[in-house]
Amino acid sequence: MNLIRLIAVLCLTIPAFALAGYEPPRTADGKPDFTGVWQVLNTANDSLEAHTGRAAQVMREGPVVPVPVKALVALGAVGAVPPSLGVVEGEAIPYKPQALAKREENRKNWITADPEVRCYLPGIPRATYMPHPFQIAHNKDALMFSYSYAGAVRNVALSDPGPAPIDSWMGLSWARWEGDTLVIETTGMHDQTWLDRSGNYHSDKLKVTERYTRTSEHTIDYSATLEDDEVFTRPWTISMPLYQRIETDAQMLRFSCVEYVEEMMYGHLRKEPLD
């Protein structure tokens, strides 16, 4: 019995020791190298908070149980939302009462209100956990993120550039190092982006502080702390691992979705609209 207990303890502690002793690849200037194509393996884009599975993102009252709204019925299982344990530390997003009511209104209008539906740029941190890969490239003089979704890009300054001259979809980002952790602060985002498909949102006062730490040859420990005094009662944090795409032909293909929504957005302008 003692031998079994010893084996169990070793199984739990050896991975921790291995993680603590991991030495990441480094760039020419000695910083951890994050170069590569990365992607999440979660459903945070559906909802950051823990949730049960449901038949659709938007439901309506049915004769017995809730059913999908009419516009989503034909999607069947493709339009269903899988269950998730969530990625919010502390479980619930700390909304102010009025902001929480706005989130609930967003949820009801997801089909027409979510910027993702129209292929608008996703903002930070949502760009990280959308179900599409993204690529990091950097050296001592430059740091760039390019995203498959909508061809979004982020050129990250390597020193504090001061306030953003104008609010934008992706905001203004700058990076610093805390030991081997890459820390990126982003401000200057307007209030038109959402945080997920469940209506979670922010104002134009949002500040996001991301932390990237390499934990193994193919993983990054990622977290993002969100501060927004207009919407939330306090700062709150999401965290998740990022996984490197390691197939021999791994590359980031651009998902140019703008052209895919033209019919939805402008089809009604045809001289003879389609059925």
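Scroll up to find the structure this text is about.
So, here's what we can say about the structure. (Residues numbered from 1 in each chain as written. Predicted model: local features only at pLDDT ≥ 70, side-chain atom pairs only at ≥ 80, totals over all residues. Heavy atoms only, no water.)

Section: the overall build of the protein chain
As a reminder of what qualifies: Numbering of helices and strands starts at the N terminus; helices are DSSP runs of H or I of at least 4 residues and strands are runs of E of at least 2. Accessible area is worked out with a 1.4 Å probe on protein chains only. A residue is then buried under 20% of its type maximum, exposed over 50%, and partly exposed in between. Any pair of residues with heavy atoms lying within 4.5 Å of one another is described as a contacting pair. Accessible surface is estimated by sampling points in the Shrake-Rupley manner with a 1.4 Å probe; for residues, cover comes only from the protein chains shown.
Of regular secondary structure, the protein chain possesses five helices and eleven strands. Dimensions along the principal axes, computed over C-alpha positions, put the protein chain at roughly 65 × 55 × 45 Å. Within the protein chain, buried positions represent 41% of all 275 residues. Across the protein chain, contacts joining residues at least 24 apart in sequence account for 61% of those joining residues at least 6 apart. Working note: accessible area of the protein chain is about 15,400 Å², and carbon and sulfur atoms make up 58% of it.

Points about empty space enclosed by the protein
Rule in force here: Method remark: on a 1 Å grid restricted to protein atoms, a set of points is classed as a cavity if a 1.4 Å probe fits but cannot get out and as a pocket if it is open with protein on both sides within 12 Å along at least five of seven lines; lining residues have an atom within 4 Å of a point. Grid points are joined across faces, edges and corners, and a volume is the space filled by probe spheres set on the points. For this classification, the nonpolar set comprises Ala, Val, Leu, Ile, Met, Phe, Trp, Tyr, Cys and Pro, the charged set comprises Asp, Glu, Lys and Arg, and every other residue, Gly included, is treated as polar.
Under the counting rule described, the total for this entry stands at one cavity of 30 Å³ or more. Counted as a void, the largest cavity has a volume near 30 Å³. Forming the walls of the largest cavity are P115, E116, Y120, L121, P122, R126, T193 and W194. Classifying every residue of the lining of the largest cavity gives five nonpolar, one polar and two charged.

Regarding the layout of surface pockets
There is about 460 Å³ of room inside the largest pocket. Lining the largest pocket are 23 residues, and of these L75, W110, E116, V117 and R197 lie nearest its centre. Along the lines of polarity and charge, the residues of the lining of the largest pocket split into 16 nonpolar, three polar and four charged. When its volume is computed, the second largest pocket comes out at roughly 220 Å³. Around the second largest pocket sit S47, H51, R54, Q57, V58, M59, R60, E61, P66, R107, K108 and S198, which together line it. Elements with a minimum of two residues in the lining of the second largest pocket: β2 (59–60) and α2 (97–108). Residue composition of the lining of the second largest pocket, grouped by class: three nonpolar, four polar and five charged.

Remarks on the pairing of strand β7 (residues 172–178)
Heads up, the condition is: Two strands pair under a simple rule: DSSP has to find at least two bridges between them.
As judged from the seven bridges shared by β7 and strand β8 (residues 181–187), these two strands associate in the antiparallel manner. Bridging from a neighbouring strand, S173 pairs with T186 of β8. Count of turn residues in the β7/β8 antiparallel hairpin: two residues, of which G179 carries a positive phi of about 65°.

Quick word on the pattern of salt bridges
Let me state the cut-off plainly: In what follows, salt bridge is the name for a side-chain nitrogen of Lys or Arg lying within 4 Å of a carboxyl oxygen of Asp or Glu.
Overall, the coordinates contain 20 salt bridges when judged by the stated rule. A salt bridge links K140 to D141; the shortest N-O distance between them is 3.3 Å. Accessibility assignment for this pair places K140 and D141 in one class, exposed. D204 is the salt-bridge partner of K205, the closest N and O atoms lying 3.1 Å from each other. Residues joined in a network through salt bridges with shared partners are D46, D114, E116, R126 and R197.

Concerning the nonpolar core
Heads up, the condition is: What we call a nonpolar core is a set of buried Ala, Val, Leu, Ile, Met, Phe, Trp, Tyr and Cys residues that are connected through their side-chain atoms within 4.5 Å.
Grouped together as the largest cluster of nonpolar side chains are 46 residues, with contacts concentrated most on L48, F145, Y212, W236, I238 and L242. Excluding its chain neighbours within four sequence positions, the residues that come into contact with I238 are L48, V87, V88, P125, Y129, Y222, S223 and A224. Core analysis: the second largest hydrophobic core is formed by seven residues, M130, A150, V261 and M265 among them.

Observations regarding the packing of aromatic side chains
Our working rule: Aromatic rings from Phe, Tyr and Trp, with only the six-membered ring used for Trp, were paired whenever their centres fell within 6.5 Å, and each pair was classed as stacked if the ring planes differed by under 30 degrees, edge-to-face if by over 60, and tilted otherwise.
As enumerated under the stated definition, the model contains 13 aromatic pairs in all. Ring centres of F145 and Y212 lie 5.6 Å apart, and the angle between their planes is 50°; this geometry places the pair in the tilted category. With a gap of 67 residues between them, F145 in strand β5 (residues 142–147) and Y212 in strand β9 (residues 207–216) connect regions that are remote in the sequence. Of the residues examined, F145 reaches a relative accessible area of 0% and is grouped as buried. With relative accessibility at 0%, the residue Y212 sits in the buried group. Plain terms: the ring middles of F232 and W236 are 5.3 Å apart, the flat faces sit at 80° to each other, and that makes the pair edge-to-face. Across this residue pair, the class does not change: F232 and W236 are buried. Through a chain of ring-to-ring contacts, the aromatic side chains of F34, F134, F145, Y147, W177, Y212 and Y222 assemble into a single cluster.

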